[in-house]
Amino acid sequence: MVENDYVLQETVTGSVPMTAGAGRMYSFWDLFLATSGFSIATWCYTQGAYVAQYLSFTQMLVNIFCFNIVWVLIECIPILFAVRYGIDLWIWLRSVLGRNGVAILATVISLANFGWYAVDADLFATSMINLCAGFGIALERSLWEPFLGILCVLLGTAIALGGPRVIKWTNRILAVCLLAVGVVVVGICLTAVPLGELVQVQPDTSLYETALGRFMLSAEGNVAFAFSWSTQALILPRLARTERSGYWGSALAYGVVAPFFVAAGGVMAMAMFVQFGYYESDPTRMLAALAGPAASLLSLLLVAFANIGTQGTGSYVNCMIVKSGLPTVPYKVLVLIAMVYVSFLTWCGWIMENFGSFISCAAYIQGPIIGMTVVDYLLVKHRRISLRSLYALEGHDAYAFTHGFNLVGLGCVLVAFVTAILFVYNPVTGQIQSDIFLVTTGSGYTALCGGLLYYLAAHTRLRRYMLRDREELTV
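The following paragraphs examine the structure supplied in this document.

When helices and strands are tallied, the chain shows 23 helices and 2 strands. In terms of overall dimensions, the chain is globule-like: its C-alpha atoms have a radius of gyration of 22 Å, near the 23 Å expected for 475 residues. Dimensions of the chain along its principal axes, counting C-alpha atoms only, are 70 × 55 × 40 Å. Out of the 475 residues belonging to the chain, those deemed buried represent 59%. When contacts within the chain are restricted to residue pairs at least 6 apart in sequence, long-range pairs at least 24 apart make up 83% of them. If you sum the accessible surface of the chain, you get close to 18300 Å²; carbon and sulfur atoms cover 68% of it. With 24 positive and 25 negative side-chain charges, the chain shows a spacing of 13 Å between the two charge centroids.

Here we come to the environment of Glu-471. Relative to the helices and strands, Glu-471 resides in the segment after helix H23 (463–466). Accessibility expressed as a relative area gives 82% for Glu-471, which makes it exposed.

Our focus in this paragraph is the nonpolar core. Of all hydrophobic cores here, the largest spans 156 residues; its most connected members are Trp-43, Met-60, Phe-81, Trp-90, Leu-97 and Tyr-316. Leave out the neighbours within four places in its chain, and Trp-90 touches Leu-97, Val-102, Leu-105, Ala-106, Ile-109, Thr-231, Ile-321, Ser-324 and Ile-369.

By the element assignment, Ser-250 lies in helix H13 (residues 243–276). Ignoring sequence-local partners within four residues, the contact set of Ser-250 consists of Leu-31, Thr-35, Cys-76, Ile-79, Ala-233, Pro-237 and Ser-245.

Next up on the list: the packing of aromatic side chains. Within this structure, the stated rule accounts for 29 aromatic pairs. Between Phe-273 and Tyr-279, the aromatic rings sit 4.6 Å apart at their centres with planes inclined by 15°, giving stacked as the arrangement. Linked through ring pairs, Phe-38, Phe-114, Trp-116, Tyr-117, Phe-225, Trp-229, Tyr-254 and Tyr-341 together constitute an aromatic cluster. The side chain of Arg-94 reaches across the aromatic face of Tyr-391, ending 5.4 Å from its centre.

What counts as what
Residues numbered from 1 in each chain as written. Predicted model: local features only at pLDDT ≥ 70, side-chain atom pairs only at ≥ 80, totals over all residues. Heavy atoms only, no water. Helix = DSSP H or I, 4+ residues; strand = E, 2+ residues; numbered from the N terminus. Rg over C-alpha atoms; globule rule 2.2 N^0.38 Å. Buried < 20%, exposed > 50% of the residue type's maximum accessible area, 1.4 Å probe, protein only. Contact = heavy atoms within 4.5 Å. Areas by Shrake-Rupley, 256 points an atom, 1.4 Å probe, with all protein chains shown as cover. Lys, Arg positive; Asp, Glu negative; His and termini not counted. Charge placed at Lys NZ, Arg CZ, Asp CG, Glu CD. Core = buried A, V, L, I, M, F, W, Y, C linked by side-chain atoms within 4.5 Å. Phe/Tyr/Trp six-rings, centres within 6.5 Å; stacked < 30°, edge-to-face > 60°. Lys NZ or Arg CZ within 6 Å of the ring centre and 35° of its normal.

Below, the structure written as structure tokens:
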């Protein structure tokens, strides 16, 4: 009995393949709601308010939905293998990057991903302070902001420790409430400010001298936002019962629901500009200003519960990413380490102060991996892989490569990352380096470049090095 419990635990919070059967606990609606609850957080409003300043109303909606939907539909394609084989993205990537390559990059990317949860906690604290202020309760920001931020991390950690079953049941209630409140919020904005006035808002032209430049710089933020889900998106789907429910449950949440809340943030920010002459990204302040202090209570759902739920799901998926590279470390130990790390990032506040650069830098690491994974799955390995070599069973070392590193895959990541910074777009300085950016964006370039380089390498003499598994395929 103890042994069976251990096996069940390792399939749910470990790196063991999830076989078909009772362990597949997520239906389409379970996955859709869990993923929606994960993707809805205050950072949606921050993203929407950023885009709203530099684009017209129509341009904003096109920018938010088109770039998110297109890239999410592409990056979710490998979910099909996640469901079929019962493994997550990072287990598959052992065949693309090598076992040691995964151990390093999975850790690096998770450290970057956890920055999002510091943003999540910081926005939670700020909104709760503003909510109290709206009801005449003054909280000293320097004292309460770090305390409330870390409280958000602690509550999210409690959810993460419960694993995917707790996440599923939490989001069955939470996500439905959030979706309903999102519709109400948009209705409040359109009631407070006529649609015609929102359409007439003129964008700030200081970001770039041309309209195309401003549109694509805003698109960079949205592509990076879409990419932020990519390395996390293929964790929960391994628990889905069918490939169809795994793909659409994830793609609709990341590609439609999350952009809807980004757009809601943009609409609120524009409404604030029309009414009061300035842009705002905090939903608590916006709701209080547009509909009165009582309406700001909706932020208890939009911010408090949403950010805590996101914190919990985010901790689970990113600890699973790290575990794929470091499988011997217990899941709960990783969750507690993540709690300390995110609490530190929340306390120091650096990521929130450099939000735009942060999301692009994180996307520059994830972009090449997105491109390579899709190309590898569809065009190079043709949806077939050796599970024995993925888990390095005795006599199966097709993915050992060079001391555990696939030099071709890692080289593609490095080349895409460096050329994007030097020749396309520098996310740290915000400098557009060439007109390529006006076609692909910087993050989009890294995905296209990484995928193309990997595809070309597979059609040279390097193919034998990359595809040593073809003789032992059984599934």
